[in-house]
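Single-letter residue listing:
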Amino acid sequence: MALTTAPAVHSHPRPSLPVVLAILAGLAVALPLAGVVAAAMGAGTADIAPRDVLRYAASSAWLALLVGLATAVVGTVAAWLVAMHRFPGRDLFAWALALPLAVPAFALAYGYADLLDVASPLRVWLRAAAGFDLPFGMRNTGGAAFVLSCAFYPYVYLAMRAAFLNQSVNVLEAARMLGCGGRAALWRVALPMARPALAAGVALAVMETLADYGAVQFLSVQTLTTGVVRAWSVYGSTVSAARFALPLLAAAALLLWIERRGRRGVAHEGGRGRWRAIEAQPLGGVAAWGATAFCAALVVAGLILPVGWLAWSLTETSPDWPRLARAAGHSLFLGTAGAIVTVTLATMLALGTRRLPLAGRLASLGYATPGAVMAIGLLAPAGAIWAVFPGSGTAIGVALLIYAYAARLMAAALEPIDAGLTRVTPSMVHAARTLGRSEGGAALAVELPVARGTMLTAALIVFVDVLKELPATLILRPFDFDTLAVIASNYALDERLGAAGLPSILIVLLAVPAVMWLTRRIALARPGT
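Conventions used here
- Residues numbered from 1 in each chain as written.
- Predicted model: local features only at pLDDT ≥ 70, side-chain atom pairs only at ≥ 80, totals over all residues.
- Heavy atoms only, no water.
- Helix = DSSP H or I, 4+ residues; strand = E, 2+ residues; numbered from the N terminus.
- Buried < 20%, exposed > 50% of the residue type's maximum accessible area, 1.4 Å probe, protein only.
- Contact = heavy atoms within 4.5 Å.
- Areas by Shrake-Rupley, 256 points an atom, 1.4 Å probe, with all protein chains shown as cover.
- Polar contact = N/O pair within 3.5 Å; in protein donor to acceptor, adjacent residues only side chain to side chain.
- Axes fitted to C-alpha atoms, helices over the stretch in contact; angles between N-to-C directions.
- Parallel < 35°, antiparallel > 145°, perpendicular 65-115°, else oblique.
- Left-handed = near helix turned anticlockwise from the far one by under 90°.
- Nonpolar A, V, L, I, M, F, W, Y, C, P; charged D, E, K, R; others polar.
- Core = buried A, V, L, I, M, F, W, Y, C linked by side-chain atoms within 4.5 Å.
- pLDDT = per-residue confidence, 0-100.
- Phe/Tyr/Trp six-rings, centres within 6.5 Å; stacked < 30°, edge-to-face > 60°.
- Salt bridge = Lys/Arg side-chain N within 4 Å of Asp/Glu carboxyl O.
- Patch = residues over 30% accessible without salt bridge, like charges linked within 9 Å, V, L, I, M, F, W, Y side chains within 5 Å.

Can you lay out the overall build of the protein chain for me, pointing to particular residues and giving the numbers?
Helix and strand counts for the protein chain come out as 23 helices and two strands. Out of the 529 residues in the protein chain, the part that is buried amounts to 53%. For the protein chain, the proportion of contacts with a sequence separation of at least 24, taken over those separated by at least 6, is 84%. Of the roughly 23800 Å² of accessible surface on the protein chain, a fraction of 67% belongs to carbon and sulfur atoms.

Talk me through the environment of T225; I want residue IDs and the actual numbers.
Secondary-structure assignment places T225 in helix α11 (residues 224-233). Distance from T225 to T209, taken between C-alpha atoms, is 9.6 Å for residues 16 residues apart in sequence. In this structure, T225 is in contact with L210, A211, D212, Y213, L248, P370 and A372, ignoring residues within four places of it in sequence. Side-chain polar atoms of T225 contact the backbone oxygen of L210, separated by 2.4 Å.

So what's going on with the packing of helix α4 (residues 105-116) against helix α6 (residues 141-165)? Which residues, and what values?
Helix packing geometry: the angle between the two helix axes and the distance between the axes. Interhelical geometry of α4 versus α6 gives an angle of 135 degrees and a closest axis separation of 9 Å. As summarised for this structure, α4 and α6 are arranged oblique, according to the angle between their axes. Considering how the two elements wind past one another, α4 and α6 form a crossing that is right-handed. For the pair α4 and α6, the contacting residues are A105, L108, A109 and Y112 in the first and F146, V147, L148, C150, A151 and F152 in the second. Here the contact of α4 with α6 is built from residues that sort into ten nonpolar, no polar and no charged.

How would you summarise unusual backbone geometry if you had to cite specific residues and measurements?
With glycine set apart, most residues show a phi of negative sign, and most peptide bonds adopt trans. The residue S220 is not glycine, and still its phi comes out positive at about 60 degrees. Here S220 shows up in the loop between α10 (214-218) and α11. Taking the relative accessible area as the measure of exposure, S220 reaches 55% and is therefore exposed. The phi angle at E495 is positive, at roughly 60 degrees, despite the residue not being glycine. Here E495 lies in the loop between α22 (484-493) and α23 (497-524).

Provide a residue-level description of the side chain of T483, including the pertinent values.
Within the secondary structure, T483 is located in the loop between α21 (471-476) and α22. On the basis of relative accessible area, T483 is assigned to the buried category, the value being 4%. Here T483 is in contact with A327, H330, S331, L334 and T473, once residues within four sequence places are set aside.

Please set out α22 residue by residue, giving values where relevant.
Among the ten residues of α22, eight are classified as buried, and the element is accordingly described as predominantly covered. Residues L484, A485, V486, I487, A488, S489, Y491 and A492 constitute the buried set of α22. E495 lies just past α22 and shows a positive phi near 60 degrees.

With reference to specific residues and values, describe the nonpolar core.
In terms of nonpolar packing, the biggest core is built from 166 residues, with L97, Y110 and Y157 touching the most fellow members. Top contributing element to this core by residue count: α6, with 16 residues.

Quick rundown of the confidence of the model for the protein chain? Include the residues and the values.
Per-residue pLDDT for the protein chain averages 79, and the proportion of residues at 70 or more is 74%. Here residues 5-12 scores under 50 on pLDDT; set against residues more than four positions off or in separate chains, the count is zero contacts. Residue range residues 266-273 is modelled with pLDDT below 50. Its contacts to residues more than four positions away, or to other chains, number twelve contacts.

So, the side chain of S60: which residues are in play, and what are the values?
Mapped onto the fold, S60 is located in helix α2 (residues 50-84). The contact partners of S60, leaving out residues within four places of it in the chain, are L210, T223 and L224.

Which residues make up the packing of aromatic side chains, and what values do they have?
Under the definition given, this model contains six aromatic pairs. Ring centres of Y112 and F146 lie 5.2 Å apart, and the angle between their planes is 75 degrees; this geometry places the pair in the edge-to-face category. Highlighted residues: Y112 in helix α4 and F146 in helix α6, separated in sequence by 34 residues. Take Y112: its relative accessible area is 3%, and that puts it in the buried class. A centroid spacing of 6.2 Å and a plane angle of 45 degrees characterise the contact between F152 and Y155, whose relative ring orientation is tilted. On the criterion of helical spacing, the pair formed by F152 and Y155 is a turn pair, its members being three residues apart in helix α6.

Give a description of the pattern of salt bridges that names residues and reports values.
Under the counting rule described, the total for this entry stands at five salt bridges. A salt bridge links D482 to R323, with the nearest nitrogen and oxygen atoms 3.5 Å apart. Here D482 is found in the loop between α21 and α22, whereas its partner R323 is found in helix α14 (residues 321-352), with 159 residues between them in sequence. Residues R477 and D482 are paired through a salt bridge, measuring 2.6 Å at the closest nitrogen-oxygen approach. By relative accessible area, which is 13% here, D482 ends up buried.

Before we move on, could you go through a nonpolar patch on the surface and cite the residues and values that matter?
Among the surface-exposed residues, V20, I23, L24 and L27 lie close enough to one another that they form a single nonpolar patch of about 330 Å² accessible area. In this fold, I23 is placed in helix α1 (residues 17-41).

Go over the packing of α2 against helix α13 (residues 285-313) with me, naming the residues and quoting the values.
In the contact formed by α2 and α13, the axes pass within 10 Å of each other and the chain directions differ by 130 degrees. Accordingly, the angle class assigned to the pair α2 and α13 is oblique. Where α2 crosses over α13, the handedness of that crossing is left-handed. Contact residues: α2 offers V74, V77, A78, L81 and V82, while α13 offers A291, F294, C295 and L298. In terms of residue class, the contact of α2 with α13 is made up of nine nonpolar, no polar and no charged.

Spelled out as structure tokens, the structure:
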């Protein structure tokens, strides 16, 4: 009698909830990027010649090179002085050097242009009183590089300071025993060990340089980002805007690769059991006051001088307070909503990136992509939605704007959240599963409470970035939905720099508390604290 066997049934396990959430969050970032490529390859006539794209790309590359070199030098020196030495004002500069992160780059451009251009009150006074004139203005590539370096050096400073603080005194003691002095120890030991942090900080500064619109547009420097906005706003050509955006996407991918490669080998030291904090070495005499003067010059150049000049110029203006109040409300709403949506998506992504690393790479590419590029990628779906729901322009426009913020800034939120989730051990998750929790329930009951502090950090990072965001807001905002950044840009385009100062200062006042809190978190996020 022959025995028959039933065909084997192969069951395919369903993907877990964290993986599904990570896929959805990754697709949220990929959609605008796919929209850019589709628009560039689609039918339509480009109103700007390819040689103009090359010219804009060369200008962007030159500006990025200048800013990258400047931020690498000043950020590293400032971090080395603050982390490794004691000098007058060191405790103050430890957090004050990060404050330019709260200042939009366009606000620095407005302040310096008004302060240093030909018809500025300072130059008029110098010519009349002292027979002396400043030899330069700001409206050129060199001026833009100076402004953007003042705005973005904190990325390198914070990354390098954290790297120096995490180095153990054991290595420097060994270097000194072999005859290295303080300067030799920096070049031969501390700096090579901190090279991954330097690469990451410089990559972030260059990403922000390529993404900037307000400062370079006002200073008359033609970059790819200004080309994207100009092609859309002046020529009304989505095709031209998308073709300007393609080199930016390629640059974003390259910078992302550099930043990721720079992180390899970040932990050069072995067991943390032998880790001992580095004791700051006191500086004396000329060296001490030279360190104080260097750090003070950075704070003055990146915050006090341009913002102080804008504040001084307010005495000559009559602010439109109702309009400013509405714009401040819009900025706060977009910043808060953008932070909530972005942190939610980043948390979904963080819970699944260990099983699905591709989604994390997509999110990182979004962060390296300028806001103007994200906005261009959303124009086509926005047009389709508006065609179906013609009476809901404001609501859909605001929703798309928040979506653009989230798609671009998700990686900025992902990094701290992912770092917080690394404190969750497998045994903690297994214990929750043993008690009957599902995988999603274990994430809600165990993983998210542990990462709560880093989720707040991520929300503050996104909040500050949204307050300063300009190009995506200009392209996607609904009619008569101005933010503080948009009002400042409109005033500056009319050469009303005094009026542009107040919304710029309001952005700084809203962002400074968050930056101070983040700086303190970075200082405490090291072994032994």
